[in-house]
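Residue-level structure breakdown
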Amino acid sequence: MAQKATGKLTHTVALRVVQTIAPRVDYPLNIMDERGIIIASSDPKRLGNPHPDALRALSENRTIVTAQADPVSGQLPGVNVPLYADGIVQGVVGVTGAPQEVASLAQLISLTVQLLLTQHEEHVRSTVRATQISDMLSGLVSGSASDEALAEQLEQLGLSAPWSLSLLLDEDGPEQYEAALTINNARWVLSSGPIEDPASARAILGPPRTQPSDLLVDAENLRTLGAVPALVPAAGLRELWNEDMALSAARAPEAYCRSLARRTAQISAEHAFTLLALAASSTQSEAIARLTVHRNTLIQRMDRIKQVTGSDPRVPGELMALLNSIYARVRLGEMHIFQYSKQLKYGLRPIGLVEESP
């Protein structure tokens, strides 16, 4: 006897088949569940009754052909074909009529129902998976996730380490990430391994992680930065952006940020980009390459910054103080240097795309 399963061949699916096919054929049609009970029929009076030939088809795991009517049981000639999904018997399709006339029709209807069952099962699996992904990301976004629960969810979804958690803003392209959740125009993405750098969006791309607890820390940081969109960098500016400074600015009280911001209140966006490039570079030559300016231009800008702020960007400690002030101004909305338009205006580009100045 074939293995049986319940729950796939539903009354809804069976009724849909009968309502679609019965008006187009000249033979009575029945669909029975895995118990041999008629759950859909072109003759509503038969609903809920056991079908003897369906019970045989289920028991013997084969198509049952009845050539002669049985006046004792009232069984009519016809063909009853088992229904399968994932190799498991789900029910039976029966067509009443001379076997030589209805055999091929019964087989065709059986294949149709099996296709519908497969599509339904795939839809159910897809819906369940989408719900699991949404629940997992909702926990990360809200801060309600725990280390143990997250580890279990990652395992259930088949997402293997290393993982990365990223936050994308202003992305208007088609959905391309399976594990993604969009909240207030911010798209949270969790992936196995790094995601492709989205050139059209401002984003914070998380590093690879092997421990769920690290993802929880990343989620907390992304929540903090996502609350201050001005601190989220555009493509091409991410290599100049410093997450620790951005987090410090996002978490600092507004009054403290105003105090920090006063140091660089008089410098331009051009000078702010110069400071970012200096901090991201190991040498002045590398900073020149990032900024695509002449060496003398960089020197003039550094001198101007020192003159206006009283802090010398050539001195590491003073450069850090200047950067903290810049991030505070971004946090307060006084500067918008991490927007893509600024990148174009000031000609900044990834270091790998330009040759270092001599």
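Note: the structure precedes this text.
Presented here is a report on the structure given in the accompanying data block. (Residues numbered from 1 in each chain as written. Predicted model: local features only at pLDDT ≥ 70, side-chain atom pairs only at ≥ 80, totals over all residues. Heavy atoms only, no water.)

1. Let's talk about the packing of helix α7 (residues 254-261) against helix α11 (residues 316-332)
The following threshold applies: Here an axis means a line fitted to C-alpha atoms, over the contact stretch when the element is a helix, while the angle between two N-to-C directions is reported on a 0 to 180 degree scale. Counting from the N terminus, the helices are the DSSP runs of H or I reaching at least four residues and the strands are the DSSP runs of E reaching at least two. Throughout, the term roughly parallel applies to angles under 35 degrees, roughly antiparallel to angles over 145, roughly perpendicular to angles from 65 to 115, and oblique to all others. In a left-handed crossing the near helix is turned counterclockwise from the far helix by less than a right angle, and in a right-handed crossing that turn is clockwise. Residue contacts are defined here by distance: any two heavy atoms, one from each residue, within 4.5 Å place the two residues in contact.
It is at 8 Å that the axes of α7 and α11 come closest, and there the two elements cross at 130°. What the angle tells us is that α7 and α11 run oblique. Judged by the sense of rotation from one axis to the other, the crossing of α7 with α11 is left-handed. Residues E254, C257, R258, L260 and A261 of α7 form the contact with α11, whose own contacting residues are N324, S325, A328, R329, R331 and L332.

2. What about the packing of aromatic side chains?
How we decide: Within 6.5 Å between ring centres, the rings of Phe, Tyr and Trp (the latter by its six-membered ring) count as paired, and their orientation is classed by plane angle as stacked under 30 degrees, edge-to-face over 60, tilted in between.
Within this structure, the stated rule accounts for one aromatic pair. Measuring from ring centre to ring centre gives 5.6 Å for Y327 and F338, while their planes differ by 40°; the resulting arrangement is tilted. Here Y327 is found in helix α11, whereas its partner F338 is found in the loop between α11 and α12 (340-346), with 11 residues between them in sequence.

3. A short note on the pattern of salt bridges
Test applied: Throughout this description, the term salt bridge denotes a Lys or Arg side-chain nitrogen within 4 Å of a carboxyl oxygen of Asp or Glu. Only protein chains enter the accessibility calculation, which uses a 1.4 Å probe. A residue is then buried if its area is under 20% of the maximum for its type, exposed if over 50%, and partly exposed in between.
The tally for this structure, following the rule as stated, stands at 14 salt bridges. D218 serves as the salt-bridge partner of R209, at 2.8 Å between the closest nitrogen and oxygen. Residue classification places R209 among the partly exposed residues on the basis of a relative accessible area of 24%. Of the charged contacts, one joins R329 and E334 as a salt bridge, the two residues approaching to 3.2 Å between their closest N and O atoms. Overall, R329 belongs to the buried group, its relative accessible area being 9%. A single salt-bridge network, built from bridges that share partners, covers D303, K306, D312 and R314.

4. Topic: helix α1 (residues 11-21)
To keep it simple, the criterion reads: To be clear, the arc concerns the directions from the helix axis to the C-beta atoms.
All buried positions along α1 are accounted for by V13, A14, V17, V18 and I21. The buried side chains of α1 occupy one side of the element, clustering within an arc of 130° when seen end-on. Projecting away from the buried face of α1 at angles above 90 degrees are the exposed residues T12, R16 and Q19. Taken together, the buried residues of α1 touch β1 (29-32), β2 (38-41) and α3 (99-142).

5. Things to note about the packing of α3 against helix α4 (residues 147-157)
Where α3 contacts α4, the axes come no closer than 10 Å and their chain directions differ by 155°. Between α3 and α4, the interaxial angle falls into the category roughly antiparallel. As for how α3 packs across α4, the hand of that crossing is left-handed. Across from R129, Q132, I133, D135, M136 and L140 in α3, the residues of α4 making contact are L150, Q153, L154, Q156 and L157.

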